[in-house]
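Listed below are the residues making up each chain.
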Amino acid sequence: MDTKKTRIKPGENYEIFSAKDSPSNETIHICLIIDEDQVVYKKMSEEEQSLSYHIGSVYYFNLLQAGGVIKKAV
């Protein structure tokens, strides 16, 4: 898989789905892509009403998309 050709874009929202009614299901907002291989994203914890920022690999997000675990939020 070519990590240089990311399918996710800054400014978009995505839903990560693990299982029905799972607490690990979440909606994230892509903030920034750094050096074409790191993604800065934020997520809101509904239980704690807090916002947190995270960094992940573009490759990881491409694997999530290929596996159907993450999709663009409507």
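In what follows, the structure referred to is the one given above.
Not measured: the values here are computed from a predicted model.

Rules and cut-offs
- Residues numbered from 1 in each chain as written.
- Predicted model: local features only at pLDDT ≥ 70, side-chain atom pairs only at ≥ 80, totals over all residues.
- Heavy atoms only, no water.
- Helix = DSSP H or I, 4+ residues; strand = E, 2+ residues; numbered from the N terminus.
- Buried < 20%, exposed > 50% of the residue type's maximum accessible area, 1.4 Å probe, protein only.
- Patch = residues over 30% accessible without salt bridge, like charges linked within 9 Å, V, L, I, M, F, W, Y side chains within 5 Å.
- Areas by Shrake-Rupley, 256 points an atom, 1.4 Å probe, with all protein chains shown as cover.
- Salt bridge = Lys/Arg side-chain N within 4 Å of Asp/Glu carboxyl O.
- Pairing = 2+ DSSP bridges.
- Axes fitted to C-alpha atoms, helices over the stretch in contact; angles between N-to-C directions.
- Contact = heavy atoms within 4.5 Å.

A. Fine view of unusual backbone geometry. Unlike most non-glycine residues, Asp21 shows phi in positive territory, near 60°. Along the chain, Asp21 turns up in the loop between strand 1 (13-16) and strand 2 (26-34). Phi at Glu36 is positive, roughly 60°, even though this residue is not glycine. The partly exposed category is assigned to Glu36, whose relative accessible area is 46%.

B. Molecular detail of a nonpolar patch on the surface. A surface patch of nonpolar side chains, about 330 Å² in accessible area, is lined by Met44, Leu51 and Tyr53. As for its placement among the helices and strands, Tyr53 is situated in strand 4 (residues 50-57). On the basis of relative accessible area, Tyr53 is assigned to the exposed category, the value being 52%.

C. Broad picture of the sheet that holds strand 1. Strand order across the open sheet formed by five strands is 4-3-2-1-5, with antiparallel pairing between neighbours. Looking along the sheet, the strands with just one partner apiece sit at the ends: strand 4 and strand 5 (70-72). Here the strands of the sheet are splayed against their neighbours by 35° on average, with no regard to which way each runs. Packing against the sheet, helix 1 (residues 58-66) makes contact with strand 1, strand 2, strand 3 (38-45), strand 4 and strand 5, and its axis sits at approximately 95° to strand 4.

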